[in-house]
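# Remarks on the overall topology
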Amino acid sequence: MRMRTIEISVGGFVLAGIVALIFLAVQVSGVNTGGASQTYEITARFDDVAGLRERAKVSMAGVTVGRVRSIEVDMSWGDAVVTMEIAGEPGNLAADTGAKILTEGILGARYIGLSPGGDEETLAAGDEITETQGALVLENLIGDFLTNMGKS
Amino acid sequence: MVGFVRNLGARFLSWLAALGRATVLWVRAMSGRPDWQDVGLVVKQIYHVGFLSLVIIILSAFSIGAVLALQFYTQLARFGAQEAVGIGLALVLLRELGPVVTALLFAGRAGSALTAEIGLMKTTEQLSSMEMMGVDPLKRIIAPRIWAGLISLPILTAVFNMVAIFGGMVVAVNWLGADAGGFWSGMREGVEIWEDLGKGMVKTVVFGLLVTWVAVFQGYDAPPTAEGMAMATTRTVVISSVLILASDFLLTLVFYGEF
């Protein structure tokens, strides 16, 4: 085989690899979502995060507006501190925005739902959401139900 | 009984010696400054181990993607979740099947050929005559083949993944009628660039290292007889397949295991 043919074939081979990688990155991974665009962090305290994971969705009105960055426990208060990345510039959320831990479907993943507030003031980077509602834990619900049944 | 234990010990020692020889071979071939004059040799080897493997890779990728999509679709359709075919397909391929199946095919197609070629060079004393001429066969013969394997396998894996996803799309969207928009957007939503694509690519580099190392060593270490060559070729495929699967488990444990 002539060396020139080999060189052309190998060039085509490497090009095919690069094209495939770009395809996988752009078309399959959707590389531009949550990548270069600006984000800022806010925190929220929940009494129970039950099954929320890092990188879970943060959504408002059903649209993803951010991701969970980290989840830590505050031992002295006994609640969970969740740090979220919100897309956009600080100031796009009202100061009395609420946060709830919700579930996608019956068995789906946990995510954080933000409910809009009416305050004139806005949340700055690093601020904390005060109005929160933790995850509904099935065992607690059943427990409450049974005790109420007993009372009535 | 004593003979059995003695035999066991002897086999273990000879295995250990082979591992030592393999390590020395690899270090001697890859150490030192890579010679830029040898790029032509690497290109030629990439042609042999990479470009010529493209046909088998593309054919297998298309079939595997199509089969996966068919299985996912029939099961997911029972829950009305046909659009999840895209994300399932992409995650399975990028994380596991792409790197592993490509490496197995590569070991069968290119690894065995490498072993046979180097083994025959040794049997016909081409390697020792090179040494006579003052050319280091490790640098001239072995090193370009190891580099070619390391470069080719990730490229082949990327092509494999792309073709398999395409094959899955043909079956799920064009044939069975899943929604194309849901197929692609579900994929884009759930696939992370480093977590899935990047870690899969790290796997494939490790597999490339293992397969070329085993293939080259088995050829270099083969007894110079017809029987020895046959044994060495078989061993290349068997050992590298087992190593690929075992190291895949370890890598998955390290990458995705939560403990």
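Criteria and thresholds
- Residues numbered from 1 in each chain as written.
- Chains lettered and ligands numbered in written order.
- Predicted model: local features only at pLDDT ≥ 70, side-chain atom pairs only at ≥ 80, totals over all residues.
- Heavy atoms only, no water.
- Helix = DSSP H or I, 4+ residues; strand = E, 2+ residues; numbered from the N terminus.
- Rg over C-alpha atoms; globule rule 2.2 N^0.38 Å.
- Buried < 20%, exposed > 50% of the residue type's maximum accessible area, 1.4 Å probe, protein only.
- Contact = heavy atoms within 4.5 Å.
- Buried area = accessible area lost by both parts, 1.4 Å probe.
- Salt bridge = Lys/Arg side-chain N within 4 Å of Asp/Glu carboxyl O.
- Polar contact = N/O pair within 3.5 Å; in protein donor to acceptor, adjacent residues only side chain to side chain.
- Nonpolar A, V, L, I, M, F, W, Y, C, P; charged D, E, K, R; others polar.
- Core = buried A, V, L, I, M, F, W, Y, C linked by side-chain atoms within 4.5 Å.
- Domains from an automatic or database assignment.
- Pairing = 2+ DSSP bridges.
- Expected span 1.5 Å × (residues − 1).
- 1 Å grid on protein atoms, 1.4 Å probe; cavity = no way out; pocket = protein on both sides within 12 Å on 5 of 7 lines; lining within 4 Å.
- Points joined across faces, edges and corners; volume = space filled by probe spheres on them.

### Examining the overall build of chain A
Helix and strand counts for chain A come out as two helices and eight strands. Its helices and strands taken in sequence order, chain A reads α-β-β-β-β-β-β-β-β-α from the N to the C terminus. Relative to its length of 152 residues, chain A is extended, with a C-alpha radius of gyration of 23 Å against a globular reference of 15 Å. Along the first, second and third principal axes, the C-alpha atoms of chain A reach 90 × 40 × 30 Å. Every one of the 152 residues in chain A was classed for burial, and the buried ones make up 31%.

### Regarding the interface of chain A and chain B
Contacts between chain A and chain B engage 26 residues on the former and 28 residues on the latter. Carbon and sulfur atoms supply 77% of the area that chain A and chain B bury against each other, a total of about 2300 Å² over both sides. When residues of chain A are sorted by the area they lose upon contact with chain B, A:Phe13, A:Leu24 and A:Val28 head the list and together hold 28% of the total. At the junction of chain A with chain B, the criterion picks out zero salt bridges. In this structure, the connection of chain A to chain B is made through one residue pair in polar contact (both at pLDDT 80 or more). Every element with two or more residues in the side of chain A that touches chain B is listed here: helix 1 (3-28) and strand 3 (63-74) of chain A. When residues of the side of chain A that touches chain B are assigned to their parent elements, the largest contribution, 17 residues, is made by helix 1 of chain A. Here the residues of the side of chain A that touches chain B are counted per class, giving 15 nonpolar, six polar and five charged.

### As for the nonpolar core
Of all hydrophobic cores here, the largest spans 77 residues; its most connected members are A:Val28, B:Ile165, B:Phe183 and B:Met187. With 20 residues, the single largest contributor to this core is helix 6 (residues 137-175) of chain B. Residues within four places of B:Phe183 in sequence aside, it is in contact with B:Glu83, B:Val85, B:Gly86, B:Leu89, B:Ile165, B:Gly168, B:Met169, B:Ala172 and B:Val173.

### Details of the domain arrangement of chain A
Reports often express the size of an interface as the amount of accessible area lost when the parts come together. Each domain of chain A was delimited in the assignment, giving domain 1 (1-31) and domain 2 (39-142). Its C-alpha centre places domain 1 of chain A at a distance of 43 Å from the equivalent point of domain 2 of chain A.

### Quick look at the pairing of strand 4 (residues 79-87) of chain A
Residue and element names in this part refer to chain A. Within strand 4, seven of the nine residues are buried, which leaves the element mostly enclosed by the surrounding structure. Across eight bridges, the pairing between strand 1 (residues 39-46) and strand 4 is antiparallel. Paired with Ala-44 across the bridge in strand 4 is Val-82.

### Focus: helix 1 (residues 2-30) of chain B
An α-helical segment advances 3.6 residues per turn. Residues three or four places apart therefore align on the same side. Residue and element names in this part refer to chain B. Across its 29 residues, helix 1 extends 42 Å between first and last C-alpha, which sits within 8% of the 42 Å expected from 1.5 Å per residue. Among the residues of helix 1, Ala-18, Ala-22, Leu-25, Ala-29 and Met-30 are the ones counted as buried. Gly-32 lies just past helix 1 and shows a positive phi near 80°.

### A few points about the side chain of B:Thr115
Topologically, B:Thr115 is positioned in helix 4 (residues 84-123). In this view, B:Thr115 contacts B:Ala215, B:Gln218, B:Gly219, B:Ala232, B:Thr233 and B:Thr236; residues no more than four positions away in its chain are not counted.

### Observations regarding the layout of surface pockets
All names here are of chain B. By volume, the second largest pocket amounts to about 560 Å³. Lining the second largest pocket are 19 residues, with Trp-15, Ala-18, Phe-217, Gln-218 and Ile-239 positioned closest to its centre. When contributions to the lining of the second largest pocket are tallied by element, the ones reaching two or more residues are helix 1, helix 8 (193-221) and helix 9 (226-256). When its residues are assigned to classes, the lining of the second largest pocket shows 14 nonpolar, two polar and three charged.

### Side note on the sheet that holds strand 7 (residues 128-129) of chain A
Consider a sheet: its strands pair through backbone hydrogen bonds, and that pairing is either parallel or antiparallel. Read across the sheet, eight strands follow the order 7-1-4-3-2-6-5-8 (chain A) without closing on themselves; strand pairing throughout is mixed. Edge positions in the sheet fall to strand 7 and strand 8 (131-133) of chain A, since each of these pairs with one other strand and no more.

### Here we look at the side chain of B:Thr102
All names here are of chain B. Position of Thr-102 relative to the elements: it lies in helix 4. Here the side chain of Thr-102 touches Gly-98 through a polar contact of 2.5 Å, landing on its backbone oxygen. Those residues in contact with Thr-102 that sit more than four places away from it in its chain are Ile-57, Leu-97, Leu-153, Leu-156, Thr-157 and Phe-160.

### Comments concerning unusual backbone geometry
In this structure, A:Ala61 takes a positive phi of about 55° despite not being glycine. Structurally, A:Ala61 is set in the loop between strand 2 (57-60) and strand 3. The class for A:Ala61 is exposed, based on a relative accessible area of 79%. In this structure, B:Glu125 is a non-glycine residue whose phi angle is positive, near 60°. Tracing the backbone through its elements, the reader meets B:Glu125 in the loop between helix 4 and helix 5 (126-132). A residue is classified by how much of its surface remains accessible, and B:Glu125, at 54% relative accessible area, is exposed.

### Considering the pattern of salt bridges
As enumerated under the stated definition, the model contains 11 salt bridges over all chains in all. Taking the shortest distance from any N to any O, the salt bridge between B:Arg21 and B:Asp221 comes out at 2.7 Å. Of this pair, B:Arg21 sits in helix 1 while B:Asp221 sits in helix 8, and the two are 200 residues apart along the sequence. On the basis of relative accessibility, which here comes to 40%, the residue B:Arg21 falls in the partly exposed class. For B:Asp221, a relative accessible area of 28% translates into the label partly exposed. Two residues, B:Asp248 and B:Lys203, come together in a salt bridge whose shortest N-O distance is 2.9 Å. Separated by 45 residues along the polypeptide, B:Asp248 in helix 9 and B:Lys203 in helix 8 bring together distant segments of the chain. A single salt-bridge network, built from bridges that share partners, covers A:Arg45, A:Asp74, A:Asp79 and A:Glu128.

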